[in-house]
Amino acid sequence: MPVLNLSAQDKQDIVAFLKSLTDERVRFEKAPFDHPQLFIPNGHPGDQNSVTDDGTGKATDELIEIPAVGKNGGNAIKNFLEQG
């Protein structure tokens, strides 16, 4: 990618523009962007040699919970500058 040679003001303007693209309802997960409790599969407990049996001969699932967010929203999602 070529060097853009942006001034400090140009960079500040670009950041301000990118921040303006985020709808605050999305950032705070408010209606209509709220969601129910979700469970995401994340592999199976165990190691490379064996996994935990669920009693039926199948491997148990490891799940990650994403808690429900109601219509009033929750904590703000970090923006691209706050990700770490």
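Since we're looking at a predicted model, the values are computed, not measured.

Reading the values: the criteria
Residues numbered from 1 in each chain as written. Predicted model: local features only at pLDDT ≥ 70, side-chain atom pairs only at ≥ 80, totals over all residues. Heavy atoms only, no water. Patch = residues over 30% accessible without salt bridge, like charges linked within 9 Å, V, L, I, M, F, W, Y side chains within 5 Å. Areas by Shrake-Rupley, 256 points an atom, 1.4 Å probe, with all protein chains shown as cover. Salt bridge = Lys/Arg side-chain N within 4 Å of Asp/Glu carboxyl O. Helix = DSSP H or I, 4+ residues; strand = E, 2+ residues; numbered from the N terminus. Buried < 20%, exposed > 50% of the residue type's maximum accessible area, 1.4 Å probe, protein only. Polar contact = N/O pair within 3.5 Å; in protein donor to acceptor, adjacent residues only side chain to side chain. Contact = heavy atoms within 4.5 Å.

J.: Can you walk me through a nonpolar patch on the surface in this structure?
T.: A contiguous nonpolar patch, built from Met1, Leu4, Leu6, Ile14, Phe17, Leu18, Leu21, Phe80 and Leu81 and spanning about 960 Å² of accessible area, is present on the exposed surface. Relative to the assigned elements, Ile14 resides in helix H1 (residues 8–20).

J.: Quick question: what am I supposed to make of the side chain of His35 here?
T.: Take His35: it is sitting in the loop between helix H2 (24–27) and strand E1 (38–41). Judged by its relative accessible area of 17%, His35 is buried. A polar contact of 3.2 Å, which involves the side chain of His35, links it to the side chain of Glu29. Setting aside residues up to four positions removed in sequence, His35 forms contacts with Glu29, Ile66, Pro67, Ala68 and Val69.

J.: I tried to follow the pattern of salt bridges on my own but got confused; where do I start?
T.: Charged atoms that come close allow side chains of opposite charge to pair. Summed over all chains, the structure comprises two salt bridges. Measuring nitrogen to oxygen at the nearest pair gives 2.7 Å for the salt bridge that ties Arg25 to Asp23. The class of Arg25 is partly exposed, set by a relative accessible area of 40%. With relative accessibility at 30%, the residue Asp23 sits in the partly exposed group.

J.: Hey, could you run me through unusual backbone geometry in this one?
T.: A negative phi angle is the norm for most residues apart from glycine, just as the trans form is the norm for most peptide bonds. The omega torsion of the bond from Ala31 to Pro32 falls at 0°, within 30 degrees of zero and hence cis. Positionally, Pro32 belongs in the loop between H2 and E1. Positive phi, normally seen in glycine, also occurs at Asn5, with a value near 50°. Examined against the element boundaries, Asn5 turns out to sit in the segment before H1.

J.: I tried to follow the environment of Ile66 on my own but got confused; where do I start?
T.: Its location among the elements puts Ile66 in strand E2 (residues 63–66). Remark: the alpha-carbon pair of Ile66 and Leu38, spanning 28 residues in sequence, is separated by 5.0 Å. With residues up to four places along the chain from it excluded, the contact list for Ile66 reads His35, Pro36, Gln37, Leu38 and Ile40.

J.: Sorry if this is basic, but what is going on with the environment of Thr52 here?
T.: Along the chain, Thr52 turns up in the loop between E1 and E2. Take Thr52: its relative accessible area is 39%, and that puts it in the partly exposed class. Residue contacts for Thr52: discarding those within four places in its chain leaves Pro45, Lys58, Ala59 and Thr60.

The quantities given are spatial measurements derived from coordinates; they are silent on function.
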